[in-house]
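Each chain, letter by letter, is given below.
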Amino acid sequence: MKLMRPWGRTLLLAVRPPLLPLLLLLGTGLGCPSDCLCWSPNRTVSCSSRGLESLPRGIPAGTRALDLSDNRLEWLDWGPGRGLSRRLEELELGHNRLRELEAGALGWLQRLGLGHNLQRYLQPGTLLGLAALRSLELAGNPLLLLGDHTFRSLAALRTLSLGSPELAWAGPRAWAGLSGLNQLTVRGAALTWPPGAALSPLLNLTALRLLAFPKAAALPGRPFQDLSRLRLLEIDSWASLAQLGPDCLQGLNLVWLSITRCNLSTVPYASLRTQAYLRFLNLSYNPISAIRGAMLQHVTRLEELRLVGGRLRIIHDAAFRGLVYFRLLDVTANQLASLPAAAFRSLASLQSLGLGLNPLACDCRLLWIVHRRHRLRFLGPQPPTCASPPSLRGRRLPEAAGSLPASTFSCRRPRIRDKRPQPREGQTVTLRCSADGQLPPLILWLNPRRQRLGHPEAGMSLPGGLGLVSENLGLNPEDRGLLPGRPDPSLTPAPPLLSGPAVGRSRLLPDGSLQITSVRRMDSGTYRCVARNAGGNDTASASLQVRPLSLQELGLAGRSDSRAKAGLRPGYPFDTHTLLVATTMGFASFFTVVSLCFTLLFIWSRASGPIKHNNIHVDFVPHAGGGGRGGDGDDAKFNMKVV
């Protein structure tokens, strides 16, 4: 038999062949319809996949669950001759041809499955007689719209699933009257935005699934702020969803969050900062390329992270810092070459790991998996498999670890082969630096002022604070932790990048060489090449001397003979005759201007006439002194002439 699932899609369990004769015998004794199977203990009747075009007669009285799915029913006649009673609680009508439903005779029904029929509209009053209904399945019907108050009579409803690619509009009060709803699934491919604020009447909602909204490109604002009891949120198949607003999860206390088959290129760190109670996170099938360090530490209760089928290339050190309860990581089917042990807070808490279908480099970085292979449960269709080195290619990591010594998983420090590069002088200079090692090394250049050259940003660091950059592995900046303006907070901060003479004109080539365009004399000096991998470091120096441009490079080579005849030194642009002429012209111009100025002053002074003198009489009264001097009171007088 089939029993009713929680979502109301299946009513009865398949009857095993040994029980079929007994079931038919019981069914015959109870008056079971010839096209159906009946089971008296559970009072269930299954008429599924019988090609029925109408409701069969003779259904036993007292039937509790009736399965009529996968038939050709276009309408239902609930007449008294059909044998149905008011005890019917579960009715499955999925995958038929029903266009309308008369539910007036089903007042005691608790579960109704109408999925994948031909319902285009829910007329007012269609669900009016289903006051006891607790589960309703409408998914797969070509519903065009949901009008206001469509479900207002379903106060007891707890589970609702609806939607189809044709669903184009939902009224702002479409969910009114569903204050007791716990689980809601909406599939609306033609909707341009998710239900958002229209969900505010669903005060008791605990699980929300929003599926197939390909036109929704973002989740701005706080669309779920009124759903304070929501614990499960699933967003699936939003092909245009590229980002989540930083406050889109504000007001929620989620335990389970799934955002799958979308277009997210980064983990939504800002949105997750408010989810301190989140335990299960699923970001599978998104083009996410990196998990940055120490950015998930606010999700302190996180236990499981699944990122399957993405474009993950790197997991930074301390990526799972602060996650005390972290026990499962599934990154199957990505582009990971390694998984550092430093990414985890504690390896002891990790119990399950999905690392298969990745191009893994089986070297010293995976040695921790070799040591813990007996305590880890590997997830996915196949265990981790080595893609390099060639001697281990195709070997499954757990099997190779058991048959090979641990020294096989080693790293050889890089070795710079060209330690005396000969840079070419001129417009563009290339400083050669090539390194090899077991695990391809990363390359960094330092100029004479110890400024990092080759990339404008550096988020990873070498011992001593030297930034580390590389292009020879074909990684994007975000894959290497080189995020513009966002250094990896989990690593030792590198010294700030200063603007130097060659910073803006330098470029790191794929082979590790440094190319500087339009070199200048100030670019001269010693450049250091640093190569590093998990096995260690190696350095080499290159000297660059930039000479001034010659006469030939300036285009003045044709006048060298005439300069020699004039007694010029090489590179001196003027002869004696030219200097004398220029000096004479300068002095003549100066004296001419000075003479003209004095002449104009003389003419102006003569035209002004004689100078007038004014006499001013000043009386001076001295201060009284001691001893009676000056007591005669005579005033001292003098004349002053002002010119």
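Residues numbered from 1 in each chain as written. Predicted model: local features only at pLDDT ≥ 70, side-chain atom pairs only at ≥ 80, totals over all residues. Heavy atoms only, no water.

Draft legend 1. Summary view of the overall build of the protein chain. When its secondary structure is counted, the protein chain shows seven helices and 37 strands. Buried residues in the protein chain amount to 43% of all 643 residues. Here the contacts in the protein chain between residues at least 6 apart in sequence split such that 54% fall between residues at least 24 apart. On the protein chain, roughly 33,700 Å² of surface is accessible, and the fraction owed to carbon and sulfur atoms is 54%. (Helix = DSSP H or I, 4+ residues; strand = E, 2+ residues; numbered from the N terminus. Buried < 20%, exposed > 50% of the residue type's maximum accessible area, 1.4 Å probe, protein only. Contact = heavy atoms within 4.5 Å. Areas by Shrake-Rupley, 256 points an atom, 1.4 Å probe, with all protein chains shown as cover.)

Draft legend 2. Geometry of unusual backbone geometry. With omega at -5 degrees, the peptide bond leading from Ser388 into Pro389 counts as cis. Following the sequence through the fold, Pro389 ends up in the loop between strand 24 (386–388) and helix 4 (397–403). Of note in the backbone geometry, His149 takes a positive phi value of approximately 60 degrees without being a glycine. Inspection of the secondary structure puts His149 in the loop between strand 7 (145–146) and strand 8 (159–164). For His149, a relative accessible area of 34% gives the class partly exposed. Although it is not a glycine, Tyr285 sits at a positive phi angle of roughly 60 degrees. Its location among the elements puts Tyr285 in the loop between strand 16 (280–282) and strand 17 (290–291). Owing to a relative accessible area of 41%, Tyr285 belongs among the partly exposed residues under this scheme.

Draft legend 3. Spatial organisation of the pattern of salt bridges. Per the stated rule, a full pass over the model turns up 11 salt bridges. Residue Glu89 is joined to Arg64 by a salt bridge in which the shortest nitrogen-to-oxygen separation is 3.8 Å. One end of the pair, Glu89, is in the loop between strand 3 (65–67) and strand 4 (90–92); the other, Arg64, is in the loop between strand 2 (44–46) and strand 3, and 25 residues separate them in sequence. In this structure, the salt-bridge partner of Arg209 is Glu234, at a minimum N-O distance of 3.2 Å. Of this pair, Arg209 sits in strand 11 (residues 207–211) while Glu234 sits in strand 13 (residues 232–236); the two residues are 25 residues apart in sequence, bridging distant segments of the chain. (Salt bridge = Lys/Arg side-chain N within 4 Å of Asp/Glu carboxyl O.)

Draft legend 4. Spatial organisation of the packing of aromatic side chains. One pass over the full model with this rule turns up eight aromatic pairs. When the ring of Phe587 is compared with that of Phe591, the centres are 6.5 Å apart and the planes differ by 25 degrees; the resulting orientation is stacked. Taken as a pair, Phe587 and Phe591 lie in helix 7 (residues 576–607) at a separation of four residues, close to a single helical turn. One aromatic cluster is present, built from ring pairs that chain together Phe320, Phe326, Phe344 and Trp368. (Phe/Tyr/Trp six-rings, centres within 6.5 Å; stacked < 30°, edge-to-face > 60°.)

Draft legend 5. Focus on the pairing of strand 8. Along strand 8, six of the six residues are buried, which leaves the element largely enclosed by surrounding structure. Of the two faces of strand 8, the one carrying Thr159, Ser161 and Gly163 and the one carrying Leu160, Leu162 and Ser164 are both buried. When strand 8 meets strand 10 (residues 183–188), the two strands line up parallel, connected through six bridges. Among the inter-strand pairings, Leu160 is bridged to a residue of strand 10, identified as Leu184. (Pairing = 2+ DSSP bridges.)

Draft legend 6. Structural detail: the state of the cysteines. Counted by the stated rule, this structure contains three disulfides. A sulfur-sulfur separation of 1.9 Å characterises the disulfide bridge that pairs Cys362 with Cys386. The sign of the S-S torsion, about -100 degrees, decides the handedness of the disulfide formed by Cys362 and Cys386: left-handed. Placement of Cys362 in the loop between strand 22 (360–361) and helix 3 (367–371) and of Cys386 in strand 24 is noted, with a sequence separation of 24 residues between them. The exposure class assigned to Cys386 is buried, which follows from its relative accessible area of 3%. (Disulfide = S-S within 2.5 Å.)

Draft legend 7. Focus on the confidence of the model for the protein chain. On average, residues of the protein chain carry a pLDDT of 75, and 69% of them reach 70 or more. Mean pLDDT across the elements of the protein chain ranges from a minimum in strand 31 (residues 467–468), with 34, to a maximum in strand 16, with 97. Predicted confidence is poor over residues 419–424, with pLDDT under 50, and the contacts of this stretch with residues over four places away or in other chains come to 13 contacts. Throughout residues 455–502 the model reports pLDDT below 50, and contacts reaching past four residues in sequence, or to other chains, amount to 115 contacts. (pLDDT = per-residue confidence, 0-100.)

Draft legend 8. Region of the structure containing the nonpolar core. Counting 106 residues, the largest nonpolar core has Phe151, Trp175, Ile291 and Phe320 as the members making the most contacts within it. Elements represented by at least two residues in this core include exactly strand 8, strand 10, strand 11, strand 13, strand 15 (256–260), helix 2 (269–272) and helix 3. Per-element tally for this core: the top contributor is helix 3, with three residues. (Core = buried A, V, L, I, M, F, W, Y, C linked by side-chain atoms within 4.5 Å.)

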